[in-house]
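An overview of the molecular structure
What follows is the residue order along each chain.
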Amino acid sequence: MSSSDAAPTLPEVRLRDLRPAVSPVEVVARIVTADRREVTRRSDGSRRPLVSGLLSDGTATVRFTWWDPPREGLDRGAVLRAVGAEVREFRGRSELVFTWKTRIGPASGAELPAVDGDDVPQRPVRDLRAGDEGFRLEVRVVRVASRSVSVGEERRVVYDGLLADRSGPIAFSAWSDFRLGVGEAVRLAGGYVRTFRGRPQLVLDERTVVTRIDGAELPDPAELLRSPPRSIAEVEDEGGGVALAVEGIVVGLLPPSGLVYRCPTCGRSVTSGICRVHGQVEGQPDLRARLVLDDGTGAVTVNVARAETERLWGITLEEARARLRDLPDPSLLEEQLFESVFGRRLRVRGSGTKDDFGVTVFPESVERVDLDLDATADDLTARLGPGA
Ligand SMILES: [Zn+2]
């Protein structure tokens, strides 16, 4: 060793390039999971704290162990720079160990290694599963919309939508503004996949690299959005979908429907002024309709939000509140809503997820399909049986 006091410069490596032969190293990575525990030393029986979990930098996800960690600053999603991390191998996979010799500090997402699209394999959308990363996609933007969310004290804009290649569509959520426009063809590298409403969702964050491409072979977004309705039985077999269309007749309305009150913080519906997460709150009035739509092969629940409920019912939230002042019983209001939608044929497009109660559709559009009234009545009678 030289007598110089200057710290040696360690190689900064991407997680997918970690090798025990090159150790120690410098890494920048995001905490994916972190579990804190204590182990008992064999030598003197004393307890020693450690945190273990997974780190990711967009190129790979690796296990880490941090001896004598700080009490704070180990939240999921936090980005760290670790200088002097040891690389070990366990069951054929490289892992990182942070010891008293490792210097660790906070870093920003922008310091994560840039993932070049050429470094990672291209994958078809259909093959993506929750937890995947280190891939690139070539996709068409089918839909994109922005919404504002609270993250702690801060308001942030999130861009949600749908991407597709020839293999199928996937929902996405972007935490940075990539100025994605409907119809654009893009190559994406550096995203990861999580589960949202029971289906894979692609997350694009500040380290994702977006490149515009020609994409002549990619599907036409209008074609995807105009896809003809499929049978409900088929949608059930597939467990829902992100760009589905179904058509059927409204045969039921499930509670809570009509005028509901929501927690101002989390949006959950409030019962007797109590949110099950936030306790006593001032409920905010809202309109919704949980419709049961039947097409003869099966039934789905359609969770219709305020704007579409107002359109279907033909009365606004304010009018519904005014009616409630005259009719003290909110179940009468629900009955009026049901009368106005019962027996209507609707075509619904949106995403659907399946649970023990069947498929629930979160619609992006609800269209009324007009048809011969006698035929509808016959159809309903045939479906529900006489006397229904
Ligand atoms: Zn709440």
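Quick summary incoming for the structure in this document. From a predicted model like this one, the values you see are computed outputs, not experimental measurements.

Analysis parameters
Residues numbered from 1 in each chain as written. Predicted model: local features only at pLDDT ≥ 70, side-chain atom pairs only at ≥ 80, totals over all residues. Heavy atoms only, no water. Phe/Tyr/Trp six-rings, centres within 6.5 Å; stacked < 30°, edge-to-face > 60°. Helix = DSSP H or I, 4+ residues; strand = E, 2+ residues; numbered from the N terminus. Buried < 20%, exposed > 50% of the residue type's maximum accessible area, 1.4 Å probe, protein only. Pairing = 2+ DSSP bridges.

**A look at the packing of aromatic side chains**
- In total, this model carries three aromatic pairs according to the counting rule given.
- Of the aromatic side chains, those joined through ring pairs into one cluster are Phe64, Trp66 and Phe98.

**Observations concerning unusual backbone geometry**
- A cis amide bond, omega 0 degrees, links serine 23 with the succeeding residue proline 24.
- With respect to the element layout, proline 24 can be found in the segment before strand E1 (25–40).
- A cis amide bond links proline 255 with the next residue in sequence, proline 256, at an omega value of -5 degrees.
- If you trace the backbone, proline 256 turns up in strand E14 (residues 240–262).
- Of note in the backbone geometry, aspartate 68 takes a positive phi value of approximately 50 degrees without being a glycine.
- Here aspartate 68 is to be found in the loop between strand E3 (61–67) and strand E4 (79–90).
- Its relative accessible area of 44% is what places aspartate 68 among the partly exposed residues.
- Even without glycine at this site, serine 272 takes up a positive phi of about 50 degrees.

**So, the pairing of E3**
- Of the strand pairs in this sheet, strand E2 (residues 47–56) and E3 are connected by seven bridges, and their pairing is antiparallel. Paired with serine 52 across the bridge in E3 is threonine 65.
- Hairpin remark: E2 followed by E3, antiparallel, with four residues in the connecting loop; positive phi at glycine 58, about 90 degrees.
- The sheet contact formed by E3 and strand E5 (residues 93–98) spans three bridges and is parallel. Counterpart to phenylalanine 64 in the pairing with E5 is leucine 96.

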